[in-house]
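Close look at the chain arrangement
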Amino acid sequence: MAGKNQDRLQAIYGVVAHSASQTEVKVLDSALIVVDSAGRIVALEADLPRADIAWKLAELNLDQCPVRELSREQFLIPGFVDTHNHAPQWMHRGLGQGMQILDWLSKIAFPNEARLKDTAYARKAYNAVVTGMLRQGVTTASYYGSLHGEATEILADICLDKGQRALVGKCNMNRNSPDYYRDASVDESLRVTRDCIAHIKSIDPEGKLVRPVLTPRFAISCEESLLAGLGELAAENPGMAIQTHFNESEQETSTTLSLFPGFANEADLYAHYGLLTPHSILAHCTLMTPYEMQRLQGLGCGIAHCPTANMTVGGGFMAAPVHEFLERGIDVGLGTDSGGGYSPSILNAMRHALVASFARDFIYAKNGDASLSLDQVFHMATIGGARVVGFGDEIGDFTIGKQFDALLVDMGTLRGGVATPLQPEDSSRTMFDKFIMTGDDRNIVAVFTQGREVFTS
């Protein structure tokens, strides 16, 4: 595992920002955050004079703890969480933009995903995925693998080795895809899924970093017996996450319901097969009826909002009622969607979530009720996403007792890029806002998971 020989006992002094609530980012000046040797936060003290650092550490019986002092242009935030990412699509991001989702799958995604059958290629591709995601500040990701069991196990191995927190799932799909890229049978699909689950549990028995996730691609790709078998697997593993696509576009929804004429909506369909639980991660959720929102709310499902992908592939732009989800108390995180969304940046996902919400408000509400705030999208990118993928008790903010998954951001001009320059009078909150709206990966100096520095730029 990356950095496993490093001593994680450390203290960092400077500006620290995290979500205090769904609607409020708290920016702490002159803050001391202390992380113990297990990678857990043991203290967070704001407005602490520099002269009192040694006294505070002595109070914690950590006199020998090394202290890293941040410069005026630097600050800490929690690591980003990507709640929906197709790892096999990393190599063809940006292709087929503007196509409808089913056409895009047939012409772009399936041919490229099929290449993961070659384990050498899979190892090369997945090394690029995890390294690239860490560079973007994504400390936690929910990954769809390909349908290949061996490649999916390689992805899990790489996440653990590089120190990225991840859900990893073998993609289940036994119909409505090319002969060269579909599970040979229901039995084979379930057998390979069980093998992947067993492998992931063997390499990380406690699920501290890497956990398995059941991954029916979507109902279009799964026969009824496969959905039923996956529902049985979910019942056998009641705490295991489940991820799938849900109401992604009109084309996807109408096709799904034509294949399952006994159901009037996707909520009833997936619930019937036992695939909607408090551990379900439902990607997109663009075209939602009040009944479906009520069902998801009642079942405790989480939503992966993928605004970039919705704008470029699939036909869901302006549709996802994210503000209403949040008002109903439904957990919402952000997803980049990889191939469907051309950008792997959660910063871009935050910005696009804002844009899409403003557009939705103009079309449907015209009173601000559908708009999101910067504080809300940051919440979705961090603690909101952590809750969606089942890590909310461990990460997502800097609450004492949680694990230190964090980004060290530097907005100094020496980092390059075109981020809005800092002015002498800028407050710490202004610096934070400038990064969220204009920064990029060049401003991410270091990435930590469990207190370990897993990426340095």
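For clarity, every value in this text was computed on a predicted model and none was experimentally measured.

**What to know about the packing of helix α13 (residues 374–388) against helix α14 (residues 428–438)**
Relative to each other, α13 and α14 sit at 65°, their axes nearing to 12 Å. The orientation of α13 with respect to α14, classified from their angle, is roughly perpendicular. Note that α13 runs across α14; the crossing there is left-handed. Contact residues: α13 offers Leu374, Asp375 and Phe378, while α14 offers Arg429, Phe432, Asp433, Ile436 and Met437.

**Some details on a nonpolar patch on the surface**
A contiguous nonpolar surface patch, about 370 Å² in accessible area, is contributed by Phe362, Ile363 and Tyr364. Note on placement: Phe362 falls in helix α12 (residues 346–365).

**Focus on the packing of aromatic side chains**
Here the structure, examined in full by the defined rule, presents eight aromatic pairs. Note on Phe404 and Phe448: the rings are 5.3 Å apart at their centroids and 50° apart in plane angle, and the pair reads as tilted. With Phe404 in the loop between α13 and β15 (406–410) and Phe448 in strand β16 (residues 444–449), this residue pair connects regions lying 44 residues apart in the sequence. When its relative accessible area of 0% is taken as the criterion, Phe404 is described as buried. With relative accessibility at 2%, the residue Phe448 sits in the buried group. A connected cluster of aromatic rings, assembled from ring pairs, spans Phe75, Phe378, Phe432 and Phe435. The ring of Tyr364 has Arg360 sitting right over it, with the charged end atom 4.6 Å from the ring centre.

**Side note on the pattern of salt bridges**
If charged atoms from side chains of opposite charge come close, those side chains can pair. One pass over the full model with this rule turns up 20 salt bridges. Between Glu394 and Arg40 there is a salt bridge, with the nearest N and O atoms lying 2.8 Å from each other. Here Glu394 is found in the loop between α13 and β15, whereas its partner Arg40 is found in the loop between β2 (24–35) and β3 (41–45), with 354 residues between them in sequence. Take Arg40: its relative accessible area is 28%, and that puts it in the partly exposed class. Here Arg328 makes a salt bridge to Glu324, at a shortest N to O gap of 3.4 Å. Residue Arg328 is classed as partly exposed on the basis of its relative accessible area of 25%. Here the residues in one salt-bridge network are Glu45, Lys56 and Glu59, joined through shared partners.

Conventions we followed
Residues numbered from 1 in each chain as written. Predicted model: local features only at pLDDT ≥ 70, side-chain atom pairs only at ≥ 80, totals over all residues. Heavy atoms only, no water. Axes fitted to C-alpha atoms, helices over the stretch in contact; angles between N-to-C directions. Helix = DSSP H or I, 4+ residues; strand = E, 2+ residues; numbered from the N terminus. Parallel < 35°, antiparallel > 145°, perpendicular 65-115°, else oblique. Left-handed = near helix turned anticlockwise from the far one by under 90°. Contact = heavy atoms within 4.5 Å. Patch = residues over 30% accessible without salt bridge, like charges linked within 9 Å, V, L, I, M, F, W, Y side chains within 5 Å. Areas by Shrake-Rupley, 256 points an atom, 1.4 Å probe, with all protein chains shown as cover. Salt bridge = Lys/Arg side-chain N within 4 Å of Asp/Glu carboxyl O. Phe/Tyr/Trp six-rings, centres within 6.5 Å; stacked < 30°, edge-to-face > 60°. Buried < 20%, exposed > 50% of the residue type's maximum accessible area, 1.4 Å probe, protein only. Lys NZ or Arg CZ within 6 Å of the ring centre and 35° of its normal.

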